[in-house]
Amino acid sequence: MKILITNIKELLQVRPKEISKVVGEEMKKLPSIKNAWLVINQDKIEGFGSMENMPKIDYDKEIDATGKLVLPSWVDSHTHLVYAGNREQEFVDRINGLTYEEIAKKGGGIVNSAKKLQETTEETLFNESLKRLEEVIRLGTGAIEIKSGYGLTTEAELKMLRVAKKLKEKHPITVKTTFLGAHAVPPEFQGNRTRYITHIIEEMLPKIAEEKLADYIDIFCEDGYFSIEDTERILTAGKNYGLKGKIHVNQFNAIGGIKTGVEHQALSVDHLEVLTDDDVEHLKQGETMPVALPSCSLFLGIPYTPARKIIDANLPLALATDYNPGSTPSGNMNLVVSLACIKMNMTPEEAINAATINAAYALELSNTHGSITKGKIANLIITKEIPSYGFLPYAFGTNNIDQVILGGKTIL
Ligand code: NIG
Ligand code: FE
């Protein structure tokens, strides 16, 4: 099946040569072709160019994109999309004055979600999660990471990752999974955090590796959750099973997790709402991708990741949703791109680069996703008729997506 898209008002993120990420000043550039065509053969981008010199192409289906923009699908490199129930009550508690950390201390938060998940059957968990996956596909996400971490027992962590794996088979969206056993200390291990880490390493990890359920490993490195030493143990254990780190760090406090992540060649360090000059220096020493989660900042009312400090230090930055029931009950990458511009002073070019090519790097998908490049997977967003790409973040909260193509198939 060949699909030819013609009369594209502007084809965005055109990278004829494969690149793995864009850093610093380069993030300000978003290469494009105005008045373009693009052809998809099966599930891949076969070619593209200007309408002025379009060759003769045989095709099975034509999409006329007059007035519309085409761009690579969003890559959401950090989500907890598989979860049970919701935390609406904690939302109201926060409105009434409690902080996220105070709620967690009272037994709410992550362990609250874990309790619900443990009581939920695999089938229900799958059905609830599938609805969310279909929702984010309609919102333009073409590749997604899904973490465990609301199980906190071997059985429940396995259940979460099996559900994530089954979701992969349901739709042509690309899914990567991350084992986050070290998300919070479960009640059974209260007061014995170190023993829980040992339990993760000796009990959970071998089983997860045996079933090949995870691509990456994660830990919530934060005061009141897990320490630097715990983070080192988890990252080292992950490496022994070939799992790179993608870690939660610097959400509320800078305790040195970025240095640890970079030293252990973590693929990404995520959150960074609090970021010291030393952290920036450590990021400069490695290849670890910093990932910002602005819709988490919006929902919790916490600081936004200082994007300018990162990009102006000639570093790359990626954007993701953090879709989860506690801190970000939204998987909308369009909103994330808007918030990056509105609240983090990123330009539309920087935000789109951060949500496509740099986000692909954070999932080791740079060779196949994140740009309009020959041979890459045909995961595309066709917008509604809009004036220009700056309109995407500008018209925040508006759905500007007309059609979504995943793996060369029109999804909507
Ligand atoms: O990335 N910070 C740690 N984990 C999630 C939130 C977990 C929760 O509140 O359920 C996050 O924000
Ligand atoms: Fe998260």
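Since the model is a prediction, treat every value here as computed from it, not as a measurement. (Residues numbered from 1 in each chain as written. Chains lettered and ligands numbered in written order. Predicted model: local features only at pLDDT ≥ 70, side-chain atom pairs only at ≥ 80, totals over all residues. Heavy atoms only, no water.)

### A few points about the overall build of the chain
The number of helices and strands found in the chain is 15 helices and 16 strands. Reported as C-alpha extents along the three principal axes, the dimensions of the chain are approximately 70 × 45 × 45 Å. A burial count over the chain gives 59% of its 412 residues as buried. Side chains of the chain carry 46 positive and 54 negative charges; the gap between the two charge centres is 3 Å. (Helix = DSSP H or I, 4+ residues; strand = E, 2+ residues; numbered from the N terminus. Buried < 20%, exposed > 50% of the residue type's maximum accessible area, 1.4 Å probe, protein only. Lys, Arg positive; Asp, Glu negative; His and termini not counted. Charge placed at Lys NZ, Arg CZ, Asp CG, Glu CD.)

### Re unusual backbone geometry
The residue Gln 13 is not glycine, and still its phi comes out positive at about 60°. Take Gln 13: it is sitting in the loop between β1 (2-12) and β2 (32-41). Phi is positive for Asn 314, close to 65°, though the residue is something other than glycine.

### Quick notes on the site of ligand 1
In the vicinity of ligand 1, 15 residues are found, and the nearest of them are Arg 87, Tyr 100, Tyr 150, Gln 251 and Ser 327. With respect to ligand 1, the side chain of Gln 251 contributes an N or O atom lying 2.7 Å from a nitrogen atom. Burial of ligand 1 by the surrounding chains reaches 100%, relative to a free accessible area of 320 Å². (Near = heavy atom within 4 Å. Polar contact = N/O pair within 3.5 Å; in protein donor to acceptor, adjacent residues only side chain to side chain. Areas by Shrake-Rupley, 256 points an atom, 1.4 Å probe, with all protein chains shown as cover.)

### A look at the coordination of the iron ion (ligand 2)
For the iron ion (ligand 2), the protein coordination sphere consists of His 78 (NE2), His 80 (NE2), His 248 (NE2) and Asp 322 (OD), at 2.1 to 2.2 Å. Each donor residue of the iron ion (ligand 2) belongs to the same chain, and together they define the spacing H-x1-H-x167-H-x73-D. With His 80 in the loop between β6 (74-76) and α1 (88-95) and Asp 322 in the loop between β13 (318-319) and α12 (333-344), this residue pair connects regions lying 242 residues apart in the sequence. With a relative accessible area of 2%, His 80 lands in the buried category. On the basis of relative accessible area, Asp 322 is assigned to the buried category, the value being 2%. (Donors = N, O, S within 2.8 Å, 3.2 Å for Na, K, Ca; no water.)

### Concerning the sheet that holds strand β11 (residues 268-271)
Read from one edge to the other, the open sheet built from eight strands follows the order β6-β7-β8-β9-β10-β11-β12-β13, with strand pairing classed as parallel. Of all the strands in the sheet, just β6 and β13 have a single pairing partner and so form its edges. Where strand β7 (residues 141-147) meets strand β8 (residues 174-182), five bridges bridge the pair, whose relative direction is parallel. Of the residues in β8, the one forming a bridge with Glu 145 is Lys 176. Where helix α7 (residues 228-240) meets the sheet, it contacts β8, β9 (216-221) and β10 (244-249), and its direction lies at approximately 175° from that of β9. (Pairing = 2+ DSSP bridges. Contact = heavy atoms within 4.5 Å. Axes fitted to C-alpha atoms, helices over the stretch in contact; angles between N-to-C directions.)

### Observations concerning the packing of aromatic side chains
For the structure on display, the rule yields seven aromatic pairs. Seen from their ring centres, Tyr 83 and Tyr 323 are 6.3 Å apart, and the 75° between their planes marks the pair as edge-to-face. Here Tyr 323 lies in the loop between β13 and α12 and Tyr 83 lies in the loop between β6 and α1, a separation of 240 residues in the sequence. Accessibility assignment for this pair places Tyr 83 and Tyr 323 in one class, buried. With 5.1 Å between their ring centres and 50° between their planes, Phe 189 and Tyr 196 make a pair best called tilted. Tyr 196 matches Phe 189 in its accessibility class, with the two residues each being buried. (Phe/Tyr/Trp six-rings, centres within 6.5 Å; stacked < 30°, edge-to-face > 60°.)

### So, the state of the cysteines
All told, the structure shown has zero disulfides when counted by the stated rule. Here Cys 221 stays unpaired: no disulfide links it, and the sulfur of Cys 296, its closest cysteine neighbor, is 16 Å away. Here Cys 341 is not cross-linked by a disulfide; its sulfur's nearest cysteine counterpart is in Cys 296, at 19 Å. Note on Cys 341: relative accessible area 17%, which makes it buried. (Disulfide = S-S within 2.5 Å.)

### Looking at the domain arrangement of the chain
Domain parsing of the chain yields domain 1 (2-72 + 371-410) and domain 2 (75-361). Taking only C-alpha atoms, the centre of domain 1 and the centre of domain 2 are 29 Å apart. Across the boundary between the two partners, domain 1 contributes 27 residues, which contact 33 residues of domain 2. In this assembly, domain 1 packs against domain 2 so that about 2,500 Å² is buried in total across both faces, 65% of it on carbon and sulfur atoms. Considering only the surface of domain 1 that becomes buried against domain 2, Lys 21, Met 27 and Leu 406 emerge as the three largest contributors, covering 26% of it. The tally of links from domain 1 across to domain 2 stands at two salt bridges. (Domains from an automatic or database assignment. Buried area = accessible area lost by both parts, 1.4 Å probe. Salt bridge = Lys/Arg side-chain N within 4 Å of Asp/Glu carboxyl O.)

### Let's talk about α12
In terms of residue burial, α12 counts as a mostly covered element, since nine of its 12 residues are buried. Taken together, the buried positions of α12 are Met 333, Asn 334, Val 336, Val 337, Ser 338, Leu 339, Ala 340, Cys 341 and Met 344. Put simply, Asn 332 is the residue that caps the front of α12, since its side-chain oxygen is 2.9 Å from the backbone nitrogen of Asn 334. Two residues or fewer past α12, Asn 345 is found with a positive phi of approximately 55°.

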